[in-house]
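Chains, contacts and geometry: an overview
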Amino acid sequence: HQKEMDSRRNRDRLSTLPEHLLVPIISNLPFEEAVRTSVLAKPWKHLYHGTTNVSFKESEFVKRTLFACDFDPLRLANPCSFKSVCFGHTQLGRIMTLLSKSPLLESLTVRNCWNVNLESITGVNNRLRELVFENCDFGTEYTLLDLPNIKIFKYTGSFHYFQFLTVNRRMEEAYLDYGAETDDEIGQLFCDVLYDLLSARKLTVCPFLIKAIKDSDDPVKLNAPMETRHLVIKTSLSPDEFVGIRLMINSCPELETLTLQMLPPVPVARTNPGFNPKSYWAFPISHKCLKKTLKVVEVRNFSGGTYELIVLRYLIRSGRVLERVDLYLPVGTSESEKSSVRATMSTLGDEGVASSKRLRIRQHDG
């Protein structure tokens, strides 16, 4: 008991030291123990990030996710045996060195990093199953990816071109959110990326991609049919997204679930889209998935806007095997707004519009 009290006093004394003195102290610890100091007290939470004694022993990290900053991959053992690595808020000019020494790597996540000098992931990293990039600044113009066993690929950030040499024929998920739009004409590049990821069972795409792909070589369908079963489209349903949305639906002949993730409305472009937005979805054009496979339509953050209702009526009218339309209201929706949405919702299946007799339309709180 006395020893425990002495240990607590010593720890409390250490906590009173400034950060520039604590970091050298914990650098004398093995890296795994340095990481454990983060639970001692709030001031210790991030101190291990500055440790200079970064080591990667197979016994310590083979089954752990690593978050490390400001280290030199040249110091890694050769080869390393850890399977999962996560980097954040650091420069990765030598990431190729890290990958060359990580033949057993299965999961790589890179968040908010800069100078990511990633030329390729090939050969030695063919066990990689999950690859995630979030808001990174790349030091290369493009990246080659040879990922025969990849299950999940997620990219969030400004446009960076990935050329996939090989991918798993049974991918679980691809997530593409390119954020801010550019004036570059890259619609065909987006189509090429989608072609490479056509085996993804779940696919999420952003407004920038949806708007850009209409300017590709074929504005009606992608280079080859997607094998996607669940398509998530982030959208504000502005008219300049309509062609791209229809292109994606037409390119997923085996689609079972369509999710429209509604975003805040954007200012309507002054340029003429070349069609009447209010009649665009009235034309009797159907697609293979609407005739045979689409069973669920979800609208997240549903507000009952004009274009939301127009698109929903089109899907209800054309979806021959549609079973559910689930409308999720935004978090914090008032009771009066809920009543208004319910009244609007009741008109969606009016006048025998629905093609499917099994259709149920339901409202959900966010």
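Below: a short report on this structure. (Residues numbered from 1 in each chain as written. Predicted model: local features only at pLDDT ≥ 70, side-chain atom pairs only at ≥ 80, totals over all residues. Heavy atoms only, no water.)

Observations regarding the pattern of salt bridges
Applying the stated criterion across every chain yields a total of 13 salt bridges. In this structure, the salt-bridge partner of Glu-227 is Arg-169, at a minimum N-O distance of 2.6 Å. Residue Glu-227 is found in the loop between helix H7 (207–212) and strand E11 (230–235), and its partner Arg-169 is found in the loop between strand E8 (161–167) and strand E9 (173–177); the two are separated by 58 residues along the sequence. Judged by relative accessible area, Glu-227 falls into the buried class, the value being 17%. Classification of Arg-169 as partly exposed rests on a relative accessible area of 48%. The closest approach of N and O atoms between Lys-234 and Asp-177, which form a salt bridge, is 3.0 Å. Residue Lys-234 is located in strand E11, and its partner Asp-177 is located in strand E9; the two are separated by 57 residues in the primary sequence. Residue classification places Lys-234 among the buried positions, given a relative accessible area of 17%. Overlapping salt bridges bring together Arg-169, Arg-201 and Glu-227 as one network. (Salt bridge = Lys/Arg side-chain N within 4 Å of Asp/Glu carboxyl O. Helix = DSSP H or I, 4+ residues; strand = E, 2+ residues; numbered from the N terminus. Buried < 20%, exposed > 50% of the residue type's maximum accessible area, 1.4 Å probe, protein only.)

With respect to the pairing of strand E7 (residues 152–156)
With five bridges connecting them, strand E5 (residues 130–134) and E7 associate as parallel partners. Across the sheet, residue Val-132 finds its bridge partner in E7, namely Lys-154. When E7 meets E9, the two strands line up parallel, connected through five bridges. Each bridged residue has a counterpart across the sheet, and for Tyr-155 the counterpart in E9 is Leu-176. (Pairing = 2+ DSSP bridges.)

Description of the sheet that holds E8
If you trace the three strands from one edge of the open sheet to the other, you get E4-E6-E8, paired in parallel fashion. The open sheet has two free edges, formed respectively by strand E4 (120–121) and E8, since each of these has just one partner strand. Alignment of E4 against strand E6 (residues 142–147), held across two bridges, turns out to be parallel. Within E6, the residue paired with Ile-121 across the bridge is Leu-145.

A closer look at the nonpolar core
One finds Leu-131, Phe-153 and Leu-194 to be the most contacted residues of the largest nonpolar core, which totals 89 residues. The greatest single-element share of this core, amounting to seven residues, is contributed by helix H10 (residues 306–318). Aside from chain neighbours lying at most four places away, what touches Leu-194 is Leu-176, Leu-203, Val-205, Leu-209, Ile-213, Leu-222, Met-226 and Met-248. (Core = buried A, V, L, I, M, F, W, Y, C linked by side-chain atoms within 4.5 Å. Contact = heavy atoms within 4.5 Å.)

What to know about helix H6 (residues 187–196)
Restricting attention to buried positions, one finds in H6 the residues Gly-187, Phe-190, Cys-191, Val-193, Leu-194 and Asp-196. Residues of H6 that are buried in the fold lie against E8, E9, strand E10 (202–205), H7 and helix H8 (242–250).

Let's talk about the side chain of Ser-318
Its place among the elements puts Ser-318 in helix H10. Its relative accessible area of 12% is what places Ser-318 among the buried residues. Excluding anything up to four places from it in sequence, Ser-318 contacts Ser-286, Leu-290 and Ser-355.

Points about the packing of aromatic side chains
Tallying each qualifying case throughout the model produces 20 aromatic pairs. Aromatic pair Phe-153 and Phe-164: ring centres 5.2 Å apart, planes at 85°, arrangement edge-to-face. With Phe-153 in strand E7 and Phe-164 in strand E8, this pair connects stretches of sequence that are 11 residues apart. Across this residue pair, the class does not change: Phe-153 and Phe-164 are buried. Where Phe-159 meets Tyr-178, the ring centres are 5.5 Å apart and the plane angle is 50°; that geometry is what we call tilted. Placement of Phe-159 in the loop between E7 and E8 and of Tyr-178 in the loop between E9 and H6 is noted, with a sequence separation of 19 residues between them. (Phe/Tyr/Trp six-rings, centres within 6.5 Å; stacked < 30°, edge-to-face > 60°.)

Concerning the pairing of E9
Look at any regular strand and the pattern is simple: side chains alternate between the two faces of the sheet. Among the five residues of E9, five are classified as buried, and the element is accordingly described as predominantly covered. The side-chain alternation of E9 yields two buried faces, one formed by Glu-173, Tyr-175 and Asp-177 and the other by Ala-174 and Leu-176. When E9 meets E10, the two strands line up parallel, connected through four bridges. Bridging across to E10, Leu-176 finds its partner in Val-205.

With respect to H8
Buried residues dominate H8, accounting for eight of its nine residues. Looking at H8, one finds that the buried residues are Phe-242, Val-243, Gly-244, Ile-245, Arg-246, Leu-247, Met-248 and Ile-249.

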